[in-house]
Amino acid sequence: MPNRLFQGIINQMREAIDRVIGVVDEGGNIIASSELGMIGEVRKGVIAAGVFNGPLICVDSSTYKAFGDNVHPEYAVFVEGTDETSRHYAGLIAISLEQIKKSNDEKFDRSNFVKNVILDNILPGDIYIKSRELHFNNDASRVVFLIRVTKPVEISVFDIVQNFFPDKSKDFVININETDIALIKEVRPNIDTKDLEKLAQSICDTLSTEFYCSAIVGIGICVTGIKELAKSFKEAQVALEVAKVFDNEKSIISYENLGIARLIYQLPTTLCDMFLKEVFKKGSIDSLDSETLFTIQKFFENNLNVSETSRKLFVHRNTLVYRLEKIKKLTGLDLREFDDAIVFKVALMVNKYLSSTPVKY
């Protein structure tokens, strides 16, 4: 990483400085240079001359100035020439690169810190100590977006998402595994969930339209404080897992909007199995065919309104009533009654959950 970083800066300085400039590591290897052909050359003389001991030193027609760690500098700038101008250039470039390196190191250190926090790889007591060392704003409101790539792609989704959020001091993009990328986004306090969902949708839309990448996004709850980021991350994970069971057509899933699905997902499967056996007659829920289940779904979508549901299904009202009566005989539940409808709705969700998760006794 430092090689690329230094080369990028040297390239920018090339036009302003009318001399060959570059950087050597502590082994004397040229790792960046305004003359690209010099990269990879070894200058063994710099080690013997004590270039990395700190002061400006002239060796082999070039001026060197070490930078990096104050005790054991890792790098040295070289400028062609041994005159006063070369010494001036070397001092200025060394200061510039040292500050840029510190900023870059801090950025990656902060990213690693955030990753350790959300993955619970750091002790709670160490979180506040480390956050103070890194000057991390502990009072900011943040939320975790978990972006999951649903189909393999050749592009680096991690790099793309990083480019979406260039402010590295406030937003952090963390590579979790091959499919999951966490975005820790600083937001205004009390931000509306709909605004978070719009942002997540824009990420999905851009990935889809510009990079042909299919992705879904789970959104945790907005939190304040570094320690709480782990909670928001787990909520984003739960959002994706719950959606996979109960609503796999959605691409944006917010933990706040999971409703009763979140409760069911967290119940022991043995308890869910007992609930189904108590609510339904033996095997009755399995006896409902696809047409009947579709009718039930539409009936719920239309708020238990018989007339509206029959119109949407393009069937006569009496036909729908007959189907509802048939369901009542099979299950003992009348979907036209609010209490029975609630029990039936929950039972269908529990059955769907059990179908995706084996019962453990």
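Look up a bit, the structure's there.
An account of the accompanying structure is given in this report. Given the structure is predicted, the values throughout are model-derived calculations rather than measurements.

1. Re the layout of surface pockets
Moving on, step 1. Roughly 600 Å³ of volume is contained in the largest pocket.
Moving on, step 2. Taken together, 16 residues form the lining of the largest pocket, with Phe246, Gln297, Lys345, Leu348 and Lys352 sitting closest to its centre.
Moving on, step 3. When residues of the lining of the largest pocket are traced back to their parent elements, those giving at least two are helix H10 (290–301) and helix H13 (338–356).
Moving on, step 4. Of the residues in the lining of the largest pocket, the class split is 9 nonpolar, 2 polar and 5 charged.

2. Points about the environment of arginine 87
Moving on, step 1. By the secondary structure assignment, arginine 87 is in helix H3 (residues 84–118).
Moving on, step 2. For arginine 87 and lysine 198, which are 111 residues apart along the polypeptide, the C-alpha to C-alpha distance reads 54 Å.
Moving on, step 3. Excluding anything up to four places from it in sequence, arginine 87 contacts Leu56, Cys58, Thr63 and Thr82.

3. Quick look at the pattern of salt bridges
Moving on, step 1. All told, the structure shown has 17 salt bridges when counted by the stated rule.
Moving on, step 2. In this structure, aspartate 195 engages arginine 188 in a salt bridge whose closest nitrogen and oxygen atoms are separated by 2.9 Å.
Moving on, step 3. As a salt-bridge pair, glutamate 291 and arginine 323 come within 3.3 Å of each other at their nearest N and O atoms. Residue glutamate 291 is located in helix H10, and its partner arginine 323 is located in helix H12 (residues 317–331); the two are separated by 32 residues in the primary sequence.
Moving on, step 4. The exposure class of glutamate 291 is partly exposed, given its relative accessible area of 48%.
Moving on, step 5. In this structure, a network of salt bridges that share partners links the residues Arg148, Asp180, Glu241 and Lys244.

4. Brief notes about the environment of tyrosine 255
Moving on, step 1. On the secondary structure map, tyrosine 255 appears in the loop between strand E11 (252–254) and helix H8 (260–265).
Moving on, step 2. Residue tyrosine 255 is classed as buried on the basis of its relative accessible area of 12%.
Moving on, step 3. For the pair tyrosine 255 and aspartate 339, spaced 84 residues apart in sequence, the C-alpha separation works out to 26 Å.
Moving on, step 4. Apart from the residues within four sequence positions on either side, tyrosine 255 is in contact with Ile219, Gly220, Ile221, Glu235, Val238, Ala239, Arg262 and Gln266.

5. Quick look at helix H1 (residues 2–13)
Moving on, step 1. Here H1 spans 16 Å end to end across 12 residues, near enough to the 16 Å set by a 1.5 Å rise per residue.
Moving on, step 2. Among the residues of H1, those classed as buried are Phe6, Gln7, Ile9, Ile10 and Met13. Looking straight down H1, one finds its buried side chains confined to an arc of 165°; they lie on one side. Among the exposed residues of H1, those pointing more than 90 degrees away from its buried face are Arg4 and Gln12.

6. A few points about the nonpolar core
Moving on, step 1. Among the nonpolar cores identified, the biggest contains 53 residues, and Ala182, Ile184, Leu229, Phe246, Phe280, Leu335 and Phe344 are the most heavily contacted of them.
Moving on, step 2. Residue contributions to this core peak at 9 residues, all from helix H7 (residues 229–246).
Moving on, step 3. In this structure leucine 335 touches Ile296, Phe299, Phe300, Leu304, Leu324, Ile327, Ala341 and Phe344, once residues within four positions along its chain are discounted.
Moving on, step 4. Formed by 23 residues, the second largest nonpolar core is a distinct cluster that contains Phe165, Ile181, Ala200 and Ile203.

7. Details of the packing of H10 against H13
In a pair of packed helices, the angle between the axes and the distance between the axes together describe the arrangement.
Moving on, step 1. Contact geometry of H10 with H13 gives a least axis separation of 12 Å together with a crossing angle of 125°. The orientation of H10 with respect to H13, classified from their angle, is oblique. Every pair of crossing elements has a handedness; the one defined by H10 and H13 is left-handed. Counted together, Leu293, Ile296 and Phe300 of H10 and Ala341, Phe344, Lys345 and Leu348 of H13 form the full contact between these two elements.

Cut-offs and rules
Residues numbered from 1 in each chain as written. Predicted model: local features only at pLDDT ≥ 70, side-chain atom pairs only at ≥ 80, totals over all residues. Heavy atoms only, no water. 1 Å grid on protein atoms, 1.4 Å probe; cavity = no way out; pocket = protein on both sides within 12 Å on 5 of 7 lines; lining within 4 Å. Points joined across faces, edges and corners; volume = space filled by probe spheres on them. Helix = DSSP H or I, 4+ residues; strand = E, 2+ residues; numbered from the N terminus. Nonpolar A, V, L, I, M, F, W, Y, C, P; charged D, E, K, R; others polar. Contact = heavy atoms within 4.5 Å. Salt bridge = Lys/Arg side-chain N within 4 Å of Asp/Glu carboxyl O. Buried < 20%, exposed > 50% of the residue type's maximum accessible area, 1.4 Å probe, protein only. Expected span 1.5 Å × (residues − 1). Arc of directions from axis to C-beta. Core = buried A, V, L, I, M, F, W, Y, C linked by side-chain atoms within 4.5 Å. Axes fitted to C-alpha atoms, helices over the stretch in contact; angles between N-to-C directions. Parallel < 35°, antiparallel > 145°, perpendicular 65-115°, else oblique. Left-handed = near helix turned anticlockwise from the far one by under 90°.

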